[in-house]
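Reading the structure
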Amino acid sequence: MDYKVEELSPVKRKIKVEVPTEEVNAALSATIALYRMQADVKGFRKGKVPSSVIESKFRKQVYGEATTDLINYQINEIMSGLSMQPMSRIDVDAQELVRDEDFSYSIEFEVAPKLDLPDYKGRKVEEVDVVVADEEVTEVEERILENNSEVKVIEDVRPGVDGEVVSVSFGAYQDGKIVDGIQAENFDLLLGQRQALPEFEELLKTLSSGESGETDITFPADFINENLAGQTVTMKAKVHAVKERVKPEMTDSVAQKAGFKDVETMRKGIRESYASQRKQMNKSAAQSELLNSIIAEIKEFPLPPSMVEDRIDRLLKDLEYRLDRQGKGFQSLGKTPEELRGGFREEAETSVKTEIFLLAVAAEEGLEISPEEIEATLSQLAVQSRQPLHELKKYYEDNNLIMPLKDRLLCDKASELIYDSADVKLIPAPTDGKPAKKAEAEKAEAKKEAAPAEGGIQFQDKAEAVEWAVANLGLKESTAKGYSLAKLQERADKFLAENA
């Protein structure tokens, strides 16, 4: 076998292969020998059929398989000799073997470009320092207390308010008939948590225990049930009871129910968990920023088109999965397939650039991934996905996923090597995603704008109150939403009085 490599572009190669007659005949003979061992031919014992009979009777299969086997064997041999890793599928242009004749064919595939690597060690990078606010620990404590709350029926006969639970039976009607799937008996609904459509909650907030009511509701155009999306129905409901959630005091007993030894251990665990996750997140963000800055210095960086398209396919599949979990499809986005692909192209190109760069660094540094590391990663994936290790391993092998996994681990190693050598400077944690000083200045300005001239403020609805509390009280949006409108109004009045 002789071959010649042609460079069609910085990321595409073509290899022309010439196979002499002797190798052609040897390939055919090898395939015929396999058929002789397995074929059942009338008049001959198994394994004793003459080669000429096999070649005549199974000619189409024999020549087809011999051609495929020969090309596959030679491709592996050529790639090993060139130390070349295709970044796309290998396209083969070949006819079929002909006995006693030379054979020629060609293959085309994409490769990673040769990069002129900039200095990637000792670079300066800023990493956000880890800060866990007391309010965050308190917020988790509040959730633990909420989970341990007792629900008690309120004796006063009155409608429920945000933060309270109503026990309700309801149904949706169209043309006087119940709509399948939109009905329930004695259902407990926590008000003010957006667990139901706003119009339905507003209806329930007008009903005392024992009272019934109804209202027309139009479902959103992107409603999870496509048959009801945009449809108008009559919601009928009867409130059986209004209940309050009574939170306990934080004690060692409550902490133990949450899996901790005592309150002190719980608070320490919450803080450490936040710190650990935030450290990893901040480090990942700094690593990404560092890599992007290095890659931006590479002037010539052609990308293999199939890698980019493959990455776009993956991003689309991720989007489809997320939409599916919301009961939606691509059509809910109002974009054509071409527009969706175009929207992901820049992200895909950045991802491919990062992978190619890190693999080039791994090659430059002589980094390797051992079989033990592959096994350990598969074991971890098996635990996470709750699959038997041998089944997951077979899936990866059958679908040729071991090499992509190895490349990912190599990229991780290269990224860690670059970051470990970097000059990392810790900077103060931002407030609300902005540098601390700027955030404080904006918050002060927001307070000025929010405070009315007469020293008071009256919210029109809870959404307005939540927005004001986040901007002026420093509360997280999730925390602010946990308060009732009356409580938010009370806190606003107190804040304005103290800062008057």
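Residues numbered from 1 in each chain as written. Predicted model: local features only at pLDDT ≥ 70, side-chain atom pairs only at ≥ 80, totals over all residues. Heavy atoms only, no water.

Looking down a regular strand, the side chains alternate between one sheet face and the other. When strand 1 (residues 2-9) meets strand 2 (residues 12-19), the two strands line up antiparallel, connected through seven bridges. Its bridge partner being in strand 2, D2 is matched across the sheet by E18. Counted between consecutive antiparallel strands, the loop separating strand 1 from strand 2 contains two residues. (Pairing = 2+ DSSP bridges. Helix = DSSP H or I, 4+ residues; strand = E, 2+ residues; numbered from the N terminus.)

What follows is about the nonpolar core. Judged by nonpolar contacts, the single largest core of 43 residues is most densely connected at L290, F301, I356, F357, L358 and I418. Among the elements of the structure, helix 7 (263-295), helix 8 (305-325), helix 9 (337-365), helix 10 (371-385), helix 11 (389-398) and helix 12 (402-420) are those that each provide at least two residues to this core. If we ignore the near neighbours within four places in the chain, the residues touching F301 are P113, L115, I295, K353, I356 and F357. Counting residues in each nonpolar core, the second largest holds 27 residues, with L28, V49, I75 and L97 among its members. (Core = buried A, V, L, I, M, F, W, Y, C linked by side-chain atoms within 4.5 Å. Buried < 20%, exposed > 50% of the residue type's maximum accessible area, 1.4 Å probe, protein only. Contact = heavy atoms within 4.5 Å.)

Within a sheet, adjacent strands bond to each other through the backbone by hydrogen bonds, running parallel or antiparallel. Ordered by their spatial adjacency, four strands build an open sheet running 1-2-4-3, and the pairing between neighbours is antiparallel. Of all strands in the sheet, those bounded by a partner on one side alone are strand 1 and strand 3 (91-94). Here the strands of the sheet are splayed against their neighbours by 20° on average, with no regard to which way each runs. Bridging between strand 2 and strand 4 (residues 103-110) involves eight bridges; their strand directions are antiparallel. (Axes fitted to C-alpha atoms, helices over the stretch in contact; angles between N-to-C directions.)

What follows concerns the packing of aromatic side chains. Applying the stated criterion to the full structure yields five aromatic pairs. Residues Y35 and F58 carry aromatic rings whose centres are separated by 5.5 Å and whose planes lie at 45° to one another, so their mutual orientation is tilted. On the criterion of sequence distance, the pair formed by Y35 in helix 1 (residues 21-38) and F58 in the loop between helix 2 (51-57) and helix 3 (59-82) is long-range, its members being 23 residues apart. Neither Y35 nor F58 differs from the other in exposure class; each is buried. Measuring from ring centre to ring centre gives 6.1 Å for F170 and F187, while their planes differ by 85°; the resulting arrangement is edge-to-face. (Phe/Tyr/Trp six-rings, centres within 6.5 Å; stacked < 30°, edge-to-face > 60°.)

Scored by pLDDT, the protein has a mean of 86; 88% of the residues are at 70 or more. Low pLDDT, under 50, characterises residues 433-455; the stretch is placed with 20 contacts to residues that sit more than four places away or in other chains. (pLDDT = per-residue confidence, 0-100.)

With that out of the way, let us pick up the environment of L197. Inspection of the secondary structure puts L197 in the loop between strand 8 (177-190) and helix 5 (198-204). Overall, L197 belongs to the partly exposed group, its relative accessible area being 22%. Taking C-alpha positions, L197 is 9.3 Å from P220, a pair spaced 23 residues apart along the chain. When near neighbours in sequence (up to four residues on either side) are disregarded, L197 contacts I217, F219 and P220.

Counting through the fold element by element, K14 comes out in strand 2. Here K14 is buried and forms no salt bridge, its nearest opposite-charge partner E108 lying at an N-O distance of 4.0 Å. (Lys, Arg positive; Asp, Glu negative; His and termini not counted. Salt bridge = Lys/Arg side-chain N within 4 Å of Asp/Glu carboxyl O.)

Unusually for a residue other than glycine, D100 sits at a positive phi of about 65°. Examined against the element boundaries, D100 turns out to sit in the loop between strand 3 and strand 4. Given the relative accessible area of 53%, D100 is considered exposed. Despite not being glycine, N400 shows a phi value in the positive range, around 55°. Counting through the fold element by element, N400 comes out in the loop between helix 11 and helix 12. Owing to a relative accessible area of 62%, N400 belongs among the exposed residues under this scheme.

Running from N to C, helix 10 and helix 11 cross one another at 115°; their axes reach a closest spacing of 9 Å. Both helix 10 and helix 11 take part in a crossing whose hand is right-handed. Note on element contacts: helix 11 touches helix 10 through L389, L392, K393 and Y396, opposite E375, L378, S379, L381 and A382. Among the residues forming the contact of helix 10 with helix 11, the class breakdown is six nonpolar, one polar and two charged. (Left-handed = near helix turned anticlockwise from the far one by under 90°. Nonpolar A, V, L, I, M, F, W, Y, C, P; charged D, E, K, R; others polar.)

If you trace the backbone, I270 turns up in helix 7. As for I270 and V132, which are separated by 138 residues in sequence, their C-alpha atoms are 9.5 Å apart.

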